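# Tertiary structure, described
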Amino acid sequence: MLNVRLFDITTLLFGVASVNYVTALYGKKETIARIGTWICIAAAVVSTAAIGVRWAESYRMGIGRIPVTNLYESLVFFAWSVNLFYLAVEWKYKNRTLGAFVIPIAFGTMLFAWTNESSIQPLVPALQSYWLHAHVITCFVGYAAFAVSAGVAVMYLMKAKREERKLTGGVVALFPSTKILDDLIYKAIIWGFPFLTAGIITGAAWANYAWGTYWSWDPKETWSLIVWLVYAAFLHARVTRGWHGRRAAILSIVGFLATLFCYLGVNLVLSGLHSYGGA
Amino acid sequence: MAEGKRNESLMDRVWKFFISLKLAIFVIIVLAIISIIGTIIEQNQPLEKYRQLYSDGTIRVLEGLGLFDMYHSWWFLLLLVLFTVNLICCTVDRLPRVVKVVRNPKTTLDGNLEKTLGLVDRWKRKGELKALAATYQEALGGAFARPRVTENEGTLHLYAEKGVISRFGVYVTHLSIIIIFLGAIIGNVFGFKGYANIVEGQSASVIPTRGGTNHVDLGFAVRCNKFWVEYYPNGQPKEYSSDLSVIENGREVLRKTIEVNDPLQYKGVWFYQSSYGPAGASTVTVAVRDPDGGGGETVTLSPGRKKEIAGYGTISAVDYQGNFQGLGPALLVVLEKPGNQPAQFWLLKSYPEFDRQRRDSRYLSFAGLNEIFYTGLQVAKDPGVNIVWVGCTLMVVGIMIAFFLSHQRLWIRLSRGGDGRVEVVLAGSTNKNRLVFEKKFEKIQADMKAVKA
């Protein structure tokens, strides 16, 4: 299928871009990082086209639906969101060192997608709803923001540690200042948090419309609440003295690990209503 | 006296405990960690299931701790109560102060305030105080927000602000959580959740709730006229549908075909397509025809029952297959003709003329399987649900206000300097998004300096 071919190209592009960003970081070559940016833009174009093609192909098969309904599709959509969110941040902050910490997440996600069944399957009755669109899109914008935040948090911890030891130079010299990194961790989360909130709410509204219960403590719901609580703790911690910086960065990483578990772990490890686990 | 004071200080300490942000962070993190348990131990499963997973001793411990239904256990609810009390206390403690600050803004820029502000600029220019104030009022109104002017001992102060509402975002969000809890409580107390299996052609008006331990009389009946499943070409189910009628006082008042994701609602009670199953024995229809094309009759066969066909023999249906050797639905029949050995052969639904090959006086065709289903309906009434949605909407709005708006304030102070010129001081502050505001401040700075008298 053409869409899968295009997604494979996207995977390759993310791989090359990851190598570019990391090489640029250690070799201190801005040009290589700039090429990385262009590769990411190309990946954005190709993956957007791939999603469009896949969508169109599903209609041609007579089972038309938005391509975000099984593990493969959700993974490529996650990578797509992470890439776009990253490009927006890079453009705003004019710093390409973030790429070495975020684009590998997109690359890893695409590699994982590549090992999964990629054919277009028709929708089970439970997923045939317009809520699907709102629910999936809001959730994934949130996840992407949290991924970027966690990538920046790793950078913060690296830089803060080196500064603590009063060391200069090294790769962290290219990073933005710890103040900007700390701010960026927060900024990404305040983008992610309302989207996650909206994602949980649209999920609840959908559950209520499909089953008559907006909250049933199923593992996916509970984990989404856990993620929400971790970021709520982060947001409150930031206005408390002594919780800036290191602790906030750690909370951001913990939040993203919880996000990953909510997104993948619940389906692969636990049981529940989100059906792509068996795929 | 002394005792009164000690009491007060104890009260004070309790109050301080409940309004502290540390408690909030602690409760939030504990809620997050504790919630994990219920996703590892499957909740509300039958005892047999737990027996397969745990030893009897473990089951007793887990049961005693309420861990098989932990989200409704007393200690989890207690934690939620603590969370809510903390939320309310924080609001009661902080909101009046915010209201006060918002209602009585600091409209004059005195020396003390000036020292606390990060963004301050000063310059001098010629002109008359009042006229300059009017000019700046106009200019600031265009560039930011219309300022109010206060005169204080010969000094003129201009004050303008934007985004006051951002101070309330956090309270809107906190209030929304309480509203959601309220909606959930109302739903739990005044609503019900039940389940009804209705066989095609039958109806139900009393719904078992709480896993069958209770019943709710709807005051009307729901009849399932028909249930059916549609399939994709690959055999995967495409849609489950039930044709339902609401019958009140013996009259049909509403009829709707529900599907998964498309429920029926009557008098606040919702009916959701949830499951289905076979209800009793199915029948099959077989057509009996003359090979010359003449005549013919159809007979309905029940499992295990023989049926007599006048002037031919008796037939019975013994097996059915949904897809017989890739040829589609097929029926295995036994034909007994007087004086002959019983004959057993398949009839194919997709090939109605197939049985002509027997070259007999009659040939049979399989017209169809008449399955009888029951439809499984989730039945729910939740008078609190709309309150929950109000809370949810407020939550998103509150979060947006809290994160994306900021309370920005600008002051201009005009005073006559020793040299006869007017000293202008411009100062600004914001409670959030400092970097964005700094850029804005720079622009306003340039605008104010360039303004013509």
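Residues numbered from 1 in each chain as written. Chains lettered and ligands numbered in written order. Predicted model: local features only at pLDDT ≥ 70, side-chain atom pairs only at ≥ 80, totals over all residues. Heavy atoms only, no water.

### A closer look at the overall build of chain B
Filter applied, for reference: The helix count covers DSSP runs of H or I at least four residues long, the strand count covers runs of E at least two residues long, and both are numbered beginning at the N terminus. Throughout, the radius of gyration refers to the C-alpha atoms, and the reference size of a globule is 2.2 Å times the residue count to the power 0.38. Each residue is assigned to one of three classes by its accessible area relative to the maximum for its type, calculated with a 1.4 Å probe on protein chains only: buried under 20%, partly exposed between the two thresholds, exposed over 50%. Working rule for contacts: check all heavy atoms of both residues, and any pair within 4.5 Å makes them a contact. Reported accessibility uses the Shrake-Rupley method at a 1.4 Å probe radius. Residues are deemed covered only where the shown protein chains occlude them.
Broken down by element type, chain B carries 10 helices and 20 strands. Relative to a compact globule of 453 residues, whose C-alpha radius of gyration would be 22 Å, chain B shows 39 Å and is clearly more extended. Counting only C-alpha atoms, chain B reaches 135 × 65 × 45 Å along its principal axes. Out of the 453 residues in chain B, the part that is buried amounts to 42%. Across chain B, every contact between residues at least 6 apart in sequence was considered, and the portion connecting residues at least 24 apart equals 57%. Accessible surface, chain B: about 24800 Å² in total, of which carbon and sulfur atoms supply 56%.

### Things to note about the overall build of chain A
Tallying secondary structure elements over chain A gives 8 helices and 0 strands in all. Going from the N terminus to the C terminus, chain A shows its helices and strands as α-α-α-α-α-α-α-α. For chain A, the C-alpha radius of gyration of 19 Å lies close to 19 Å, the compact-globule estimate for 279 residues. Dimensions of chain A along its principal axes, counting C-alpha atoms only, are 60 × 45 × 30 Å.

### So, the confidence of the model for chain B
Residue and element names in this part refer to chain B. Which entries qualify depends on this criterion: pLDDT expresses how confident the predictor is about each individual residue, on a scale running from 0 to 100.
On average, residues of chain B score 89 in pLDDT, and 98% of them are at 70 or above. For chain B, per-element mean pLDDT is lowest for helix α1 (residues 2-18), which scores 73, and highest for helix α9 (residues 385-404), which scores 96. Reported confidences for the modelled complex are a pTM of 0.85 and an ipTM of 0.89.

### A word on the sheet that holds strand β11 (residues 283-289) of chain B
Residue and element names in this part refer to chain B. Put simply, the test is: One requirement defines pairing of two strands: DSSP has to find at least two bridges between them. In this analysis, axes come from line fits to C-alpha atoms, helices being fitted only over the stretch in contact, and the angle between any two N-to-C directions falls in the range 0 to 180 degrees.
Pairing in this open sheet of 3 strands is antiparallel, and the strands run β12-β11-β17 from one edge to the other. With one partner strand each, in any of the chains shown, β12 (297-301) and β17 (363-370) form the two edges of the open sheet. Across this sheet, the average inter-strand angle for adjacent strands is 25°, counted without regard to direction. Across 7 bridges, β11 lies against β17 in antiparallel orientation. Of the residues in β17, the one forming a bridge with Val-286 is Phe-366.

### Observations regarding the interface of chain A and chain B
Our working definition: By buried area we mean the combined loss of accessible area, with a 1.4 Å probe, across both parts when two parts are placed together. By salt bridge we mean one thing: a side-chain nitrogen of Lys or Arg within 4 Å of a carboxyl oxygen of Asp or Glu. Counted as a polar contact is a pair of N or O atoms within 3.5 Å, where, for protein atoms, one must be capable of donating a hydrogen and the other of accepting one, and residues adjacent in sequence contribute only when both atoms are in side chains.
At the interface, 47 residues of chain A touch 48 residues of chain B. When chain A packs against chain B, the two sides together hide about 3900 Å² of surface, and 71% of this comes from carbon and sulfur. The largest contributions to the chain A side of the interface with chain B come from Tyr209(A), Tyr214(A) and Trp217(A), which together make up 17% of the buried area. Run the count over chain A and chain B and you get 0 salt bridges. Viewed at the interface, chain B and chain A are joined by 10 residue pairs in polar contact (both at pLDDT 80 or more). Of the residues forming the side of chain A that touches chain B, the biggest block, 17 residues, is contributed by helix α6 (residues 178-211) of chain A.

### Here's the deal with the pairing of strand β5 (residues 203-209) of chain B
Bridge count for β5(B) against strand β6 (residues 214-231) of chain B is 6 bridges, and the pairing is antiparallel. Paired with Pro208(B) across the two strands is His215(B), which belongs to β6(B).

### Here's the deal with the pattern of salt bridges
Scanning all chains against the criterion turns up 30 salt bridges over all chains. A salt bridge links Glu90(A) to Arg96(A); the nearest nitrogen and oxygen atoms lie 3.4 Å apart. The exposure class of Glu90(A) is buried, given its relative accessible area of 6%. The class of Arg96(A) is partly exposed, set by a relative accessible area of 23%. Across the pair Arg356(B) and Glu353(B) runs a salt bridge, and its minimum N-O distance is 2.6 Å.

### Observations regarding a nonpolar patch on the surface
Convention followed: Each patch is built from residues that are more than 30% exposed by relative accessible area and take part in no salt bridge. Like charges join if they lie within 9 Å; nonpolar side chains (Val, Leu, Ile, Met, Phe, Trp, Tyr) join within 5 Å.
Residues Val22(A), Tyr26(A), Val154(A) and Met158(A) make up a contiguous nonpolar surface patch of roughly 330 Å² in combined accessible area. Accessibility expressed as a relative area gives 34% for Val154(A), which makes it partly exposed.

### Notes on the side chain of Ser58(A)
Considering the arrangement of structural elements, one finds Ser58(A) in helix α2 (residues 30-60). When residues no more than four places from it in sequence are discounted, the contact partners of Ser58(A) are Ile63(A), Gly64(A), Arg65(A) and Ile120(A).

### Section: unusual backbone geometry
All names here are of chain B. Of note, Asn-261 is a non-glycine position whose phi angle comes to about 75°, a positive value. You can see Asn-261 is positioned in the loop between β8 (251-259) and β9 (264-266). What makes Asn-261 buried here is its relative accessible area of 8%. One non-glycine residue, Asn-433, lies in the positive phi region at around 50°. Relative to the assigned elements, Asn-433 resides in the loop between β20 (422-430) and α10 (434-450). Since its relative accessible area comes to 24%, Asn-433 is described here as partly exposed.

### Some remarks on the sheet that holds strand β16 (residues 343-348) of chain B
Residue and element names in this part refer to chain B. The 4 strands are arranged β13-β14-β15-β16 in an open sheet whose pairing can be described as antiparallel. On the outer flanks of this sheet lie β13 (307-309) and β16, each paired with one strand and no other. Averaged over neighbouring strand pairs, the angle between their axes works out to 35° when direction is ignored. The sheet contact formed by strand β15 (residues 330-336) and β16 spans 6 bridges and is antiparallel. When the sheet's bridge partners are listed, Leu-332 is paired in β16 with Trp-346.

### Quick notes on the packing of helix α7 (residues 219-238) of chain A against helix α2 (residues 21-40) of chain B
Geometry of a packed helix pair, given as the angle between the helix axes and the separation of the axes. Going by this rule: An angle below 35 degrees is treated as roughly parallel, one above 145 as roughly antiparallel, one from 65 to 115 as roughly perpendicular, and anything else as oblique. Less than a right angle of anticlockwise turn of the near helix away from the far helix marks a crossing as left-handed, whereas a clockwise turn marks it as right-handed.
Where α7(A) contacts α2(B), the two axes come as close as 9 Å, and the packing angle between them is 160°. One finds that α7(A) runs roughly antiparallel with respect to α2(B). In this structure, the crossing between α7(A) and α2(B) has a hand that is left-handed. Touching Pro219(A), Thr222(A), Trp223(A), Ile226(A), Leu229(A), Val230(A), Ala232(A), Ala233(A), His236(A) and Ala237(A) of α7(A) are Leu21(B), Ile25(B), Ile28(B), Ile29(B), Leu31(B), Ala32(B), Ser35(B), Ile36(B) and Thr39(B), all from α2(B).

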